[in-house]
Amino acid sequence: VQLQASGGGLVQAGASLRLSCAASGRTFGMGWFRQAPGKEREFVAVITWSGNNPSYADSVKGRFTISRDNAKNTVTLQMDSLKPEDTAVYYCAAGFNAGTAATGYHYWGQGTEVTVSS
């Protein structure tokens, strides 16, 4: 399965962005991670195949929303009320044991850059 992420860009604090990830085939759990300059990759959000009970990192809870369209093999991350600390390269991922740990994912997209200015 190949994953293609898109939708990143440069925005001001408080703005919104919508990231999309298109999969070349059927996926199971899908998630988003991010990596800021000089920092380790961190979990952002995950959603199961059914779309029930999405999970979020505390730092984005209430501001980000993950959703998926299984008919189109896509997952999106709606990011509202963006903060400068959200600046990072965002990666979508898919796996059979998708959760908060990167080790649960088997497939990774190439990343899309998000920059939030203050």
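Residues numbered from 1 in each chain as written. Predicted model: local features only at pLDDT ≥ 70, side-chain atom pairs only at ≥ 80, totals over all residues. Heavy atoms only, no water.

As for the nonpolar core
Item 1. Trp32, Val44, Phe64, Ile66, Leu77, Met79 and Tyr90 are the most contacted members of the largest nonpolar core, which totals 33 residues.
Item 2. Within the residue set of this core, elements represented by two or more residues are strand E1 (3-6), strand E3 (17-23), strand E4 (29-35), strand E5 (42-47), strand E7 (64-69), strand E8 (74-79), strand E9 (88-95) and strand E11 (112-117).
Item 3. Among all residues touching Val44, those that are not within four sequence positions of it are Trp32, Phe33, Arg34, Ser55, Tyr56, Ala57, Val60, Phe64, Leu77 and Tyr90. (Core = buried A, V, L, I, M, F, W, Y, C linked by side-chain atoms within 4.5 Å. Buried < 20%, exposed > 50% of the residue type's maximum accessible area, 1.4 Å probe, protein only. Helix = DSSP H or I, 4+ residues; strand = E, 2+ residues; numbered from the N terminus. Contact = heavy atoms within 4.5 Å.)

Focus on the state of the cysteines
Here, the word disulfide means a covalent bond between the sulfur atoms of two cysteines.
Item 1. Scanning all chains against the criterion turns up one disulfide.
Item 2. Shown here is the disulfide that connects Cys21 with Cys92, its sulfur atoms set 2.1 Å apart. Taking the sign of the torsion about the S-S bond as the criterion, the disulfide between Cys21 and Cys92, at about 55°, is right-handed. Of this pair, Cys21 sits in strand E3 while Cys92 sits in strand E9; the two residues are 71 residues apart in sequence, bridging distant segments of the chain. (Disulfide = S-S within 2.5 Å.)

A short note on the environment of Gln2
Item 1. When you line up the elements, Gln2 lands in the segment before E1.
Item 2. For Gln2, a relative accessible area of 62% translates into the label exposed.
Item 3. The spatial distance from the C-alpha of Gln2 to the C-alpha of Gln110 is 9.5 Å, given a sequence separation of 108 residues.
Item 4. If we ignore the near neighbours within four places in the chain, the residues touching Gln2 are Ala22, Ala23 and Ser24.

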